[in-house]
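An overview of the molecular structure
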Amino acid sequence: MENNTTIRVENLQPYTKYRFRIALPLSTKEKEEFLFSDQSIVINTLPQGPPQEPPIVRAIAVDHTRISVSWEAGANPNGPILSYKLQITDMAPDGYTALKEIPALDSSNFYMFEKLLPSHDYEISVTTRNANGESPAATMDVNLPEEPPFREDEQQPKLIVSTQHMITLQGYDLLSDSPKPFYYSKSRIIATAIHIEKQFVFITEETGFIYRAPLYIEEEKPFIISSPEQNSNITPKLLSVDWLNNHLYVLGEVQHVSDTVWQISRCDLDGQKTTIAIAGIHDEPSHIEVDPYNGYLFWVIPKHSSNSGLYRLDLAEISNGVRHEVTPLRMISGEDLGAFTIEHSKFRLLVPFQNKNTVYSVSLDGKDRENIRSNTRSAKFQSVKSVSYANSCFTWTNGKEIISEEYHREENVYYHNAVTTDLTNGTLISVHIDWPLAQPTPVPVNPPVHVQAIFGPKRAKISWQPPHLLGNQGKGAWKNWDYEIEVLDEKTGNWSKNKPIKGTTFVIDGLKPNSAYTLRASAYTIAGKGPSSREFRSKTLRTNQKRLMIWASNEGIMQSDIVGESITTLVKKSVLGNGPITDVTWVDNLMYFVCNSTLMVFDRTSGVLERMNIDSIQSIGIDWLGKNIYYSNQKQQSITRANFLGEQQEPLPILASAKELKIDSLRGYIYYSTGQTVEACRLNGKNKKLYYDAGK
């Protein structure tokens, strides 16, 4: 730059944030050093050009009629992203193409194509649009499976009808099946909920008690879940059952001196381990529903309130009443909504819009709504107090009568039939459906990811990550999968299976030394098995090979065999203090590590620990042939080498903040990563080579 104080920096990436600093070389014949200025403020380049192609993260067949698509924005948007354009093409000769444009502000980078044709091949493409144009398309092919055969042996649905003083079993055909009472109460029943797998009914009464009773059995005395003595200022109002995690959710009215508020809490099926899901609701919900399949809690505030609408809370955000910044999502507002039900495995809420006298199928975020009962003669959805859904038809109550649907396929019309029995007596509380499909067990849609293993001579330790949830599911969605590990002996060609496996690690014994194996993992439940992971291939060690691993943990520096067993502690954390251990390397019996940005050395033979007079260290590497240590100086953002004693320090002509540093002594190369780039150079810092730049 000579004496100039201004320089033009070119070939930067549009719409990207940069910081700059000045390096002043202080060179001598012996070594080259730099004096660095402070960093500049963040400077953002202007937008220019269309965005980069958005990578499709996952496109997978959810079932025989739906495809789930997730994508990312792309590394270089080159300007504010305005929207994403999704295109689906049926690859059949008489196929079609459909487009869907999603505004970036409304996008969760997820979409589900529905009502597709079974056994068809589809091409999915995603593009990004900014003010300067549209990106190239990212594409992926997806094949839909065949439609599963209809099973006539599936259990037929039964209705559980609650009145103010009685609960009855009612056949699904209201006109021909007579109700059979099995629960009686002298006190007025306020609300009920059922657990289908365990065959429980939960009842809350005006006395403030919550009971648990068996379905269909009269003689057993109900179990007390909660009593007024336990919650003197809380009156239970509504119930909902989480059948996957075995929780009961309770809407309670909380009486304070100055006002009344409502809260939703949960407990186990015995009334223990109570946790507040959300507190401080200022308007009384008319309906609550927990969806553990997709990980949400939903509730409705009725029309008479200014806060009316349908609300959603992720089950992972339950705070036990502690005030936090998570605000429930208001999915629908300004409508008169009735009690709703959920098609869990189809990721849809079926919500009566009482002011429109119809039912809408609503996506889990409320953004997609479809009127599914526009073809109804003399509809009766003006008042829905409780509703159930089976075989594509609704059954509900308005508090005075039970109403069911009939579908006439020839006319494509639904008809409503209202029934009043002697047992209801105009005091209907709820209508539930006893049908396994109403409370389903999830089947994994995605495979386990990041399957990897460490092999010893005769055993392997395998680890993996759980399958990804779909983009519309909450973080609290149920994912307590069982796993199966399949092992292929490549010499014999035989596969062996190991299951059931809990957790995400597994040790396989009985392997043969010096032999090649292939591994793959899959998740499953009682409802079905998900797809298999990518295969992981490796080879066992020879029997006479002894290998050790050294790593840092919260307990200090540890040593074990190659599969992480026979663990011993080399350096206790108490000796090192509270600073983090950020890097470890070794040569012979000397182990070098970085603790609290200081370089330490431990002699594994003598057990002597020494602190070297080298600070601000970010990463280290060992040249075992040249007998040198290489380390990254965080403050100077440079790489320096020294001998094993930390002497004869020599800064290299490398201007970089190396977060990771590896040395190839045989070939004479330094490999390092800055977090943005992966680069290499010779051991003297020359002949630099760029392998990867995340900004390009």
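Treat the numbers as computed from the prediction; the structure is a model and nothing was measured.

Focus on the overall build of the chain
Along the backbone of the chain there are 1 helix and 60 strands. With the principal axes as the frame, the chain shows a C-alpha extent of 105 × 65 × 60 Å. Considering the chain as a whole, with its 696 residues, one finds that 47% of them fall into the buried category. Taking as baseline every contact in the chain between residues at least 6 positions apart, the subset at least 24 positions apart corresponds to 47%. As presented, the chain carries roughly 36500 Å² of accessible surface, and 48% of it is formed by carbon and sulfur atoms.

Focus: the layout of surface pockets
In this model, the second largest pocket occupies a volume close to 1400 Å³. As for the second largest pocket, its lining consists of 34 residues, and the residues nearest its centre are Leu 12, Tyr 18, Arg 19, Phe 20 and Leu 655. Only β1 (17-18), β2 (23-27), β59 (677-682) and β60 (689-693) provide two or more residues apiece to the lining of the second largest pocket. Among the elements that line the lining of the second largest pocket, the one with the most residues is β2, at 3 residues. Taken domain by domain, the lining of the second largest pocket gets at least three of its residues from each of domain 1 (1-146) and domain 4 (548-693).

Let's talk about the nonpolar core
Residues Leu 248, Phe 298, Leu 310 and Leu 349 are the most contacted members of the largest nonpolar core, which totals 53 residues. The dominant element in this core, judged by the number of residues it contributes, is strand β43 (residues 516-525), at 4 residues. By size, the runner-up hydrophobic cluster in this structure holds 18 residues, among which are Leu 238, Ala 277, Ile 281 and Ile 301.

Describing the sheet that holds strand β26 (residues 309-314)
Judged by pairing direction, the sheet is antiparallel, and its 4 strands sit side by side in the order β24-β25-β26-β27 without closing on themselves. What marks the edges here is a single partner per strand, and that holds for β24 (287-291) and β27 (329-333). Direction aside, the axes of adjacent strands within the sheet are offset by 20° on average. By the bridge criterion, 4 bridges tie β26 to β27 in an arrangement that is antiparallel. Across the sheet, residue Tyr 311 finds its bridge partner in β27, namely Arg 330.

Section: the sheet that holds strand β20 (residues 234-242)
The pairing of strands in a sheet happens through backbone hydrogen bonds and is either parallel or antiparallel. Across the sheet, 4 strands lie side by side as β20-β21-β22-β23; this open sheet has antiparallel pairing. The sheet terminates laterally at β20 and β23 (275-281), the two strands that pair on one side only. Geometrically, the sheet is characterised by an average inter-axis angle of 20° between neighbouring strands, direction not taken into account. For strand β22 (residues 260-268) and β23, the ladder comprises 4 bridges, and the chain directions are antiparallel. When the bridges of β23 are listed, Ser 265 appears paired with Ile 276.

Brief notes about the side chain of Asn 643
Mapped onto the fold, Asn 643 is located in strand β55 (residues 638-643). There is a polar contact of 2.9 Å between the side chain of Asn 643 and the backbone nitrogen of Leu 645. For Asn 643, the side chain forms a polar contact with the main-chain nitrogen of Glu 647, separated by 2.8 Å. Ignoring any residue separated from it by four or fewer positions in sequence, one finds Asn 643 in contact with Lys 627, Asn 628, Ile 629 and Gln 648.

Thoughts on unusual backbone geometry
Across the junction of Lys 499 and Pro 500, the peptide omega takes the value -5°, indicating a cis bond. Even without a glycine there, the phi angle at Asn 246 is positive, about 55°. Inspection of the secondary structure puts Asn 246 in the loop between β20 and β21 (247-255). You will see that Asn 514, though not glycine, has its phi angle at about 55°, which is positive. Following the sequence through the fold, Asn 514 ends up in the loop between β42 (505-508) and β43.

Quick word on the domain arrangement of the chain
Split into domains, the chain comes out as domain 1 (1-146), domain 2 (158-438), domain 3 (449-540) and domain 4 (548-693). For domain 1 and domain 2, the distance between their C-alpha centroids amounts to 43 Å. Both faces combined, the contact of domain 1 with domain 2 buries some 460 Å², and carbon together with sulfur accounts for 35% of it. Between Glu 114 and Arg 348 there is a salt bridge whose closest N-O contact spans 3.4 Å. Where domain 1 touches domain 2, the interface holds 4 residue pairs in polar contact (both at pLDDT 80 or more).

A closer look at the side chain of Ser 363
Assignment of secondary structure puts Ser 363 in strand β30 (residues 358-363). What makes Ser 363 buried here is its relative accessible area of 11%. Within the structure, the side chain of Ser 363 is placed 3.4 Å from the backbone nitrogen of Lys 367, a separation counted as a polar contact. Residues within four places of Ser 363 in sequence aside, it is in contact with Met 331, Phe 347, Arg 348, Leu 349 and Asp 368.

Quick notes on the UniProt feature "domain: Fibronectin type-III" (unreviewed entry) in the chain
The sites that UniProt annotates as "domain: Fibronectin type-III" (unreviewed entry) are residues 50-149 and 444-543. Between the end C-alpha atoms of residues 444-543 the distance is 39 Å, and the span holds 0% helix and 49% strand.

A look at the packing of aromatic side chains
Throughout the structure, instances matching the rule amount to 21 aromatic pairs. Look at Phe 353 and Tyr 360: their rings are 4.4 Å apart centre to centre, the planes differ by 45°, and that puts the pair in the tilted class. Taking the relative accessible area as the measure of exposure, Tyr 360 reaches 15% and is therefore buried. Their ring planes at 25° and their centres at 4.6 Å tell us that Phe 381 and Trp 396 sit as a pair that is stacked. In this pair, Phe 381 sits in the loop between β32 (376-377) and β33 (386-390) while Trp 396 sits in strand β34 (residues 393-397), placing the two residues 15 residues apart along the sequence.

A word on the pairing of strand β47 (residues 556-561)
In terms of burial, β47 is largely enclosed, as 5 of its 6 residues are buried. Strand direction decides the pairing type here: strand β46 (residues 548-553) and β47, joined by 6 bridges, are antiparallel. Counterpart to Ala 552 in the pairing with β47 is Ile 557. Once β46 ends, the chain turns through 2 residues before running back antiparallel as β47. Inspection of the sheet shows β47 paired to strand β48 (residues 568-572) by 4 bridges, in the antiparallel sense. Each bridged residue has a counterpart across the sheet, and for Ile 557 the counterpart in β48 is Val 571. Hairpin remark: β47 followed by β48, antiparallel, with 6 residues in the connecting loop; positive phi at Gly 564, about 85°.

Overview of empty space enclosed by the protein
Scanning the entire structure with this criterion turns up 2 cavities of 30 Å³ or more. Taken as a whole, the second largest cavity encloses approximately 40 Å³ of empty space. Lining of the second largest cavity is provided by Arg 58, Ile 60, Ser 68, Ser 70, Asn 446, Leu 469, Leu 470 and Gly 471. Of all the secondary structure elements, the ones that give two or more residues to the lining of the second largest cavity are β5 (56-61) and β6 (67-71). For the lining of the second largest cavity, the class distribution of residues is 3 nonpolar, 4 polar and 1 charged. Counting the residues that make up the lining of the second largest cavity, at least three belong to each of domain 1 (1-146) and domain 3 (449-540).

Cut-offs and rules
- Residues numbered from 1 in each chain as written.
- Predicted model: local features only at pLDDT ≥ 70, side-chain atom pairs only at ≥ 80, totals over all residues.
- Heavy atoms only, no water.
- Helix = DSSP H or I, 4+ residues; strand = E, 2+ residues; numbered from the N terminus.
- Buried < 20%, exposed > 50% of the residue type's maximum accessible area, 1.4 Å probe, protein only.
- Contact = heavy atoms within 4.5 Å.
- Areas by Shrake-Rupley, 256 points an atom, 1.4 Å probe, with all protein chains shown as cover.
- 1 Å grid on protein atoms, 1.4 Å probe; cavity = no way out; pocket = protein on both sides within 12 Å on 5 of 7 lines; lining within 4 Å.
- Points joined across faces, edges and corners; volume = space filled by probe spheres on them.
- Domains from an automatic or database assignment.
- Core = buried A, V, L, I, M, F, W, Y, C linked by side-chain atoms within 4.5 Å.
- Pairing = 2+ DSSP bridges.
- Axes fitted to C-alpha atoms, helices over the stretch in contact; angles between N-to-C directions.
- Polar contact = N/O pair within 3.5 Å; in protein donor to acceptor, adjacent residues only side chain to side chain.
- Buried area = accessible area lost by both parts, 1.4 Å probe.
- Salt bridge = Lys/Arg side-chain N within 4 Å of Asp/Glu carboxyl O.
- UniProt positions renumbered as here; feature names shortened; annotations may be inferred.
- Phe/Tyr/Trp six-rings, centres within 6.5 Å; stacked < 30°, edge-to-face > 60°.
- Nonpolar A, V, L, I, M, F, W, Y, C, P; charged D, E, K, R; others polar.

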